[in-house]
Amino acid sequence: QVQLVESGGVLVQPGGSLKRSCVASQRMLRVNTMGWYRQAPGKQRELVGTMSSGGTTNYADSVKGRFTVSRDNAKNTVYLQMNSLKPEDTAVYYCNLLYGSRNYWGQGTQVTVSS
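Model, not experiment: these values are computed from the prediction.

Undergrad: I'm lost on the sheet that holds strand β8 (residues 77–82) in this one. Help?
TA: Note: strands within a sheet are paired through backbone hydrogen bonds, in either parallel or antiparallel orientation. Taken in spatial order, the four strands make up an open sheet running β1-β3-β8-β7, and their pairing is antiparallel. Strand pairing shows two members of the sheet lacking a second neighbour, β1 (4–6) and β7 (67–72), which therefore form its edges. Across the sheet, the axes of successive neighbouring strands diverge by a mean angle of 20°, strand direction being ignored. Judged from the six bridges that link them, β7 and β8 form a sheet pairing that is antiparallel.

As structure tokens, then:
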């Protein structure tokens, strides 16, 4: 079973930037998609952004133009660059892997955007 390990929780100012990372426990040899979801207090979990092994990206409208998903396949790692952060970006962020028709999830880490 693939395990996903996310970077730790963080507090950041509105308008600031940060970069998240998620490392998978093994190489992916088949077609796959890695990316990020988030869940704000009182809300459902929602897409943030993903990137397939072929390089195709998919972003939520709320983060498009501000957030960027990238991958380093040699390191089994997916990143989330977050710019122009807003208080409404505050959420628990979950790394996700879709691989071999199975979904794998990181445990989630808190990102708080506040002054």
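Further notes follow.
Undergrad: Quick question: what am I supposed to make of the pattern of salt bridges here?
TA: A pair can form between side chains of opposite charge whenever their charged atoms are brought close. Under the criterion given, the structure shown has four salt bridges. Residues glutamate 46 and arginine 38 are paired through a salt bridge, measuring 2.9 Å at the closest nitrogen-oxygen approach. Salt bridges sharing partners connect three or more residues here, namely Arg38, Glu46, Arg66 and Asp89.

Undergrad: Would you explain the nonpolar core in this entry?
TA: One broad trend across soluble globular proteins is that nonpolar side chains are buried collectively. If you look at the biggest cluster of nonpolar residues, it comprises 28 residues, and the most contacted ones within it are Leu4, Trp36, Phe67, Leu80, Met82, Tyr93 and Leu97. Residue assignment for this core shows that the elements contributing at least two residues are β3 (18–24), β4 (32–39), β5 (46–52), β7, β8, β9 (91–99) and β11 (109–113). The element that contributes the greatest number of residues to this core is β9, accounting for five residues. Excluding residues that lie within four positions of it along the chain, leucine 97 makes contacts with Val2, Leu4, Met28, Asn32, Thr33, Met34, Arg102, Asn103 and Tyr104.

Undergrad: Would you mind showing me how to read the state of the cysteines here?
TA: Each disulfide consists of a covalent bond between the sulfur atoms of two cysteine residues. Per the stated rule, a full pass over the model turns up one disulfide. Between the sulfur atoms of cysteine 22 and its disulfide mate cysteine 95 the distance is 2.0 Å. One quick way to see it: the torsion about the S-S bond of cysteine 22 and cysteine 95 is about -85°, and its sign makes the bridge left-handed. Here cysteine 95 lies in strand β9 and cysteine 22 lies in strand β3, a separation of 73 residues in the sequence. Residue classification places cysteine 22 among the buried positions, given a relative accessible area of 0%.

Undergrad: Would you mind showing me how to read the packing of aromatic side chains here?
TA: For any pair of aromatic rings, the description consists of the separation of the ring centres together with the inter-plane angle of the planes. A full pass over the atoms with the stated rule returns one aromatic pair. Centroid distance tyrosine 37 to tryptophan 105: 5.2 Å. Interplanar angle 70°. Geometry classified as edge-to-face. Taken together, the residues span a long stretch of sequence, with tyrosine 37 in strand β4 and tryptophan 105 in strand β10 (residues 102–105) at a distance of 68 residues. The ring of tyrosine 79 is capped by lysine 19, whose NZ or CZ atom sits 4.7 Å from the centre of that ring.

Undergrad: Before we go on, may I ask you to explain the environment of arginine 20 in this structure?
TA: Secondary-structure assignment places arginine 20 in strand β3. Taking the C-alpha atoms as reference points, arginine 20 and glycine 8, separated by 12 residues in sequence, lie 8.3 Å from one another. Discounting chain neighbours no more than four positions away, the residues touching arginine 20 are Ser7, Gly8, Gly9, Val10, Trp36, Val78, Tyr79, Leu80, Met82, Thr109 and Val111. Reaching out from arginine 20, the side chain makes a polar contact with the backbone oxygen of serine 7 at a distance of 2.8 Å. Engagement of the side chain of arginine 20 in a polar contact is seen with the backbone oxygen of glycine 8, the distance being 2.5 Å.

Calculation rules
- Residues numbered from 1 in each chain as written.
- Predicted model: local features only at pLDDT ≥ 70, side-chain atom pairs only at ≥ 80, totals over all residues.
- Heavy atoms only, no water.
- Pairing = 2+ DSSP bridges.
- Helix = DSSP H or I, 4+ residues; strand = E, 2+ residues; numbered from the N terminus.
- Axes fitted to C-alpha atoms, helices over the stretch in contact; angles between N-to-C directions.
- Salt bridge = Lys/Arg side-chain N within 4 Å of Asp/Glu carboxyl O.
- Core = buried A, V, L, I, M, F, W, Y, C linked by side-chain atoms within 4.5 Å.
- Buried < 20%, exposed > 50% of the residue type's maximum accessible area, 1.4 Å probe, protein only.
- Contact = heavy atoms within 4.5 Å.
- Disulfide = S-S within 2.5 Å.
- Phe/Tyr/Trp six-rings, centres within 6.5 Å; stacked < 30°, edge-to-face > 60°.
- Lys NZ or Arg CZ within 6 Å of the ring centre and 35° of its normal.
- Polar contact = N/O pair within 3.5 Å; in protein donor to acceptor, adjacent residues only side chain to side chain.

In short, geometric facts, not functional conclusions.
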